[in-house]
Amino acid sequence: MAKSKTSTTQTTTKKTLVNKITKSEDRQKEFLIVGLGASAGGLESFKEFFEAMPENPNMGFVLVQHLDPTHKSMMVDLLKKHTQMEVSEVKDNTVVEPNHIYVIPPNKDMAIFNGKLHLMEPTKARGFRKPIDFFFRSLAQDQTERAVGIILSGTGTEGTLSLKDIKGYGGLSIVQDPNTAKYDGMPRSAIFAGAEDFVLSIKEMPKKLLEYSKNRKFQVEEKPIKLDTTKDLLEKIFIMLRNETGCNFGDYKSSTVTRRIDKRMALNQIDKLENYVKYLQKNREEVIKLFKELLIGVTSFFRDKEAFEALQKTIIPQILDRKNDGDTIRIWVPGCSTGEEAYSLAILFDEVIRKQPKTIKVQIFASDLDANAINFARQGVYPETIVANVNEKRLSRYFFGDKTSYRIKKEIRDQIVFAEHNLIKDPPFSKQDLISCRNLLIYLNLTAQKKVFAIFHYALKPKGILFLGSSESLGEFANMFETIDRKHKIFKNKNVKLTKIPDIGEFFREPSVVKVESQSDLKIQSKENFARNIERLLLTNYAPACAIINNEGDAVYFFGNTGKYLQPSPGEAKLNIVEMARKGLKTDLRTLIVKVRKSGKSELRKDIFIETNGSSQTIDLRISPLELSDNQEVFFMVTFEDKPTVIDAPVEILPAPPDEITELHALEQELTATKEYLRSTIEELEVSNEELKSSNEELQSSNEELQSTNEEMETSKEELQSVNEEIVTVNTELQSKIDELAQAYDDMSNLLASTEIGTIFLDAELKIKRFTPQMGKIINLIQSDVGRPIGDLSSSLIDNGFAENVKQVLKTLVVNTQSVKSMDGTWYKMQIMPYRTGQNVIEGVVITFVDVTEEKRLAEELEQIKREYEELLEMTKTVVYTQDKNLIYTSIASIHPDFQFKNMIGKSDVDFFSKEDAKVLEDIKKRVIRNKEAERQIISLKIAGSVYFFDLMVRPVLHSGKVTGIACASIDVTELTEIEKELLKLKKEGNGN
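As the structure is a prediction and not an experimental result, all values here were calculated from the model.

(A) Geometry of the overall build of the protein chain. Looking only at helices and strands, the protein chain features 26 helices and 35 strands. Relative to its full complement of 993 residues, the protein chain shows a buried share of 41%. When contacts within the protein chain are restricted to residue pairs at least 6 apart in sequence, long-range pairs at least 24 apart make up 62% of them.

(B) Spotlight on the packing of aromatic side chains. Per the stated rule, a full pass over the model turns up 22 aromatic pairs. For the ring pair Tyr343 and Tyr382, a centre distance of 6.1 Å and an interplane angle of 80° mean the geometry is edge-to-face. Of the two residues, Tyr343 is situated in helix 13 (residues 340–353) and Tyr382 in strand 13 (residues 381–383); the sequence distance between them amounts to 39 residues. Of the two residues examined, Tyr343 and Tyr382, each falls in the buried class. Taking 6.3 Å as the distance between ring centres and 90° as the angle between the ring planes, the aromatic pair formed by Tyr828 and Phe849 counts as edge-to-face. You can see Tyr828 sitting in strand 29 (residues 827–836) and its partner Phe849 sitting in strand 30 (residues 842–851), a full 21 residues away along the chain. Of the two residues examined, Tyr828 and Phe849, each falls in the buried class.

(C) Fine view of helix 4 (residues 131–143). The first and last C-alpha atoms of helix 4 sit 18 Å apart over 13 residues, in line with the 18 Å expected at 1.5 Å per residue. Among the residues of helix 4, Pro131, Ile132, Asp133, Phe135, Phe136, Ser138, Leu139, Ala140 and Gln143 are the ones counted as buried. Downstream of helix 4 by a residue or two, Thr144 has a phi angle that is positive, lying close to 45°.

(D) How the structure looks around a nonpolar patch on the surface. A surface patch of nonpolar side chains, about 290 Å² in accessible area, is lined by Ile979, Leu983 and Leu986. With respect to the secondary-structure elements, Ile979 resides in helix 26 (residues 974–992).

(E) Here's a closer look at the pairing of strand 25 (residues 635–642). Sheet analysis places strand 21 (residues 545–550) next to strand 25, joined by 6 bridges and oriented antiparallel. Each bridged residue has a counterpart across the sheet, and for Ala547 the counterpart in strand 25 is Val638. As judged from the 8 bridges shared by strand 24 (residues 615–626) and strand 25, these two strands associate in the antiparallel manner. Bridged to Leu626 within strand 25 is Phe635.

(F) Just the sheet that holds strand 14 (residues 399–401), in detail. Here we have 3 strands laid out as an open sheet, ordered 13-15-14, and antiparallel in their pairing. Edge positions in the open sheet fall to strand 13 and strand 14, since each of these has one partner strand only. For this sheet, the mean inter-axis angle between neighbouring strands, taken without regard to orientation, is 30°. One ladder, built from 3 bridges, connects strand 13 with strand 15 (residues 405–408); its direction is antiparallel. From the neighbouring strand, Pro383 faces strand 15, where its bridge partner is Ser405.

(G) Quick look at the nonpolar core. Ile331, Ile364, Ile386, Phe399 and Phe418 are the most contacted members of the largest nonpolar core, which totals 48 residues. Ranked by the residues each element gives to this core, the list is headed by helix 13, at 9 residues. Counting residues in hydrophobic clusters, the runner-up holds 47 residues, among them Leu241, Leu295, Ile435 and Ile455.

(H) Examining the confidence of the model for the protein chain more closely. Per-residue pLDDT for the protein chain averages 78, and the proportion of residues at 70 or more is 80%. pLDDT under 50 marks residues 647–654. Its contacts with residues more than four places away, or in other chains, come to 0 contacts.

(I) Quick peek at the packing of helix 7 (residues 205–215) against helix 9 (residues 254–267). The N-to-C vectors of helix 7 and helix 9 enclose an angle of 130°; their axes lie 8 Å apart at closest approach. In terms of orientation, helix 7 and helix 9 fall into the oblique class. Crossing of helix 7 over helix 9 shows right-handed handedness. On helix 9, the residues touching Lys208, Glu211, Tyr212 and Asn215 of helix 7 are Lys263, Ala266 and Leu267. Tallied by class, residues from the contact of helix 7 with helix 9 come to 3 nonpolar, 1 polar and 3 charged.

(J) Representation of unusual backbone geometry in the model. If you check the backbone angles, Asp304 has positive phi at about 65° while not being a glycine. By secondary structure assignment, the location of Asp304 is in the loop between helix 11 (284–294) and helix 12 (305–321).

(K) Up close: the sheet that holds strand 27 (residues 768–771). Spatially, 27-26-30-29-28 is the arrangement adopted by the 5 strands of the open sheet, whose pairing is antiparallel. Looking along the sheet, the strands with just one partner apiece sit at the ends: strand 27 and strand 28 (816–821). Ignoring strand direction, the axes of neighbouring strands in this sheet form an average angle of 20°. Relative to strand 30, strand 29 runs antiparallel, the two being bridged by 8 bridges. Note that in strand 30 the partner of Gln831 across the bridge is Thr848. In the packing of helix 23 (residues 802–812) onto the sheet, the strands contacted are strand 26 (758–762), strand 28, strand 29 and strand 30, and the crossing angle to strand 30 comes to about 135°.

What counts, and where the lines are drawn
Residues numbered from 1 in each chain as written. Predicted model: local features only at pLDDT ≥ 70, side-chain atom pairs only at ≥ 80, totals over all residues. Heavy atoms only, no water. Helix = DSSP H or I, 4+ residues; strand = E, 2+ residues; numbered from the N terminus. Buried < 20%, exposed > 50% of the residue type's maximum accessible area, 1.4 Å probe, protein only. Contact = heavy atoms within 4.5 Å. Phe/Tyr/Trp six-rings, centres within 6.5 Å; stacked < 30°, edge-to-face > 60°. Expected span 1.5 Å × (residues − 1). Patch = residues over 30% accessible without salt bridge, like charges linked within 9 Å, V, L, I, M, F, W, Y side chains within 5 Å. Areas by Shrake-Rupley, 256 points an atom, 1.4 Å probe, with all protein chains shown as cover. Salt bridge = Lys/Arg side-chain N within 4 Å of Asp/Glu carboxyl O. Pairing = 2+ DSSP bridges. Axes fitted to C-alpha atoms, helices over the stretch in contact; angles between N-to-C directions. Core = buried A, V, L, I, M, F, W, Y, C linked by side-chain atoms within 4.5 Å. pLDDT = per-residue confidence, 0-100. Parallel < 35°, antiparallel > 145°, perpendicular 65-115°, else oblique. Left-handed = near helix turned anticlockwise from the far one by under 90°. Nonpolar A, V, L, I, M, F, W, Y, C, P; charged D, E, K, R; others polar.

Listed below in structure tokens is the structure:
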């Protein structure tokens, strides 16, 4: 009992713990994670956004902006002043929490996985990184319907493709109103691609987010749901969608539809499904929005690169090998969305075709329900962010690029026909070498998938290729296709005919028309029905029982009463004919099947004794291979022919009259002929029916292709009209540019005229192009001199080498700067430099003259003062110098006749004086630095072998109270010292006398 109680307590504790963990995880998943992407002008947008956002919105915010990788970001400190929420820079493995703002650090790529932010080193060079797309794409995949993407101010097109991913996974996408953005490139690109749910000003975004968060429910309600009621409401929604768009979304998985409807209910602040149905009935625009929401358009160039590489390396060469010179490869891409997958296939085929000698054309039919997506695909223009999926070689080979977008080249565009097409409702394209249907089937229910696989089986040629998405499989139709690459979902069509495959014609057949028949028609039909009944009776009564089996021995068709020979075995249902054979038949049946497989010829085994329903029967067993011209799968016909049972008892046989024998023989011959005729007629009818059915389907497919081609021509016409409008726009812009240039010319003329700098522009032949009024003082110029060679005009410059200097600059392209003097005594700084165009082409020279007369006078005065100062220092034998606080010489104002003081710059006393003298000097100078007080001493220094005496004055150099060095004055007092010594000596001698 104790053990039982303990076990129960432990179990209860574990359940409680699990429940707590589960509830904790649920709480973590309840809130939205909002990604905000911005480029230029993003800081102002972030500030305005968070100023309008309340303190506790129950959302997590992740900010991604283009940052300089070499500088530390100040974003966190700047944003803290505009919000009460916690703001921090992301560190690796950071768990996103509500009411918190996370800022991407510089020089990092960031992704989210299971609610954690992970930092990675950038894989691309600076200028080619797409941090917004990188994070938004991971946000869509990780958070699905809990993801919110917001594109704010910025240049370029980044964020467009990843915002479509967020919307495709069921999340919310918001774009800043371009009219309110400082830089509108990114917002306009996202709007152009149709990636937005809302276009709002920044101040409107917080309110919309709060409303959406309040109404969007992510947890399954605990109270029971009335499934029947929900189903009825969904069917009502499907009816409204079908009436408005012609599309039946009942073929979609209910989970997919429910998520999309739930999002639309949250956006419209509706909490109950029945209320949303009423809202749809009153609001036609909402029906259209829901229709677009259900059209999931998540795609990209070369999505799942490994699968496309496998297709290019293995499958495409096989398709080309089966083609002759001049043949056409036909490809169908159902659910093409905005066309990236179709263009990717066209590029792959083009790359392989270029490497082989045959001339082969490619025709791709790309279809989708979404008319807007088809129109986008037809234009073939994609944002510059496709560089993340398309390498540089393919970009340069197959695209025209500019600063913000890439346009597919005409040679690839002409290979693809884009058509608005319902895969399940409209007749399919036929005789396709490849069908690429990736990530469409995962949204369809099982019934719709069965229809689609039957359609694909019909549309593909024998050995045609089916290319599915990574999350899709063949299911119960695996026997219709041969697996080529299981990992990458590549299959080959098998030309099989099984009873489980739906009749493709039934999907697209028009309703039969009720027709009133005439009496003669009824008579004809009556005769035909009578003949069919006779044929059926004859076949039933006289033709032997048989079974049609495939190469594996499975029965695919039975004729006549085969129950005497075959009986299903107990247990799991099997159609293997050997397993169903009755006692006495199995061994001979198995042996004969193996023999026919090897020989390929008919085989007969006579007098086989079998047990049937409590009695016995002797039969002849015949197995023949069936040769079907329109089918590559092998089939065999197994025929069971009964033999009459031999009766041992003697029977008296009476001879028949000769007339009866003759008549009986004639009837037998007639019956045999009739049987042969009936068999031939039946075969001909079957062939005719198959041909008619095939022709009908071909006509339907051809009609669909013609309609698609017509739509393409209409689109081309619209494109031409668009180009014409663009030309008009460009013409208007050019006229505007001309006006701007005229204004700029006037501004430049006034600017040059207002300066005191004389400027003259010469062309490559040294002819005058333009000059400023100031040049009239230097060279005698008037307006009519424009176009004249500069050498023909006289100047007031004393230097006559002016023209030669101009020619030298034009020849060497080296700037010439010198001072020149005019005859009136004015000095000019003349600079001659090459005139370069925007294309870096030399088209002459530019000469400027700056009046430097005052500067020249001041320079001469300074030079005179310097000479006088140096003469004074030399006369007084004074040396003035400075040193830094490390006692390194920094300047010298004079020289000693016996010592090159100028060589001391950058060196110290020990480099020029003896150790003893250097120590004396350093002691004095260090004391001055330490005490911050000036000091004066008479010192002796040994220079060039002689001893000199100097009156040394050292004072500190102070900046903001700190000693930065010393200033020294050293006066040579050697002669004075010698005189003093002589006087002292004379005094001593005088005193001695």
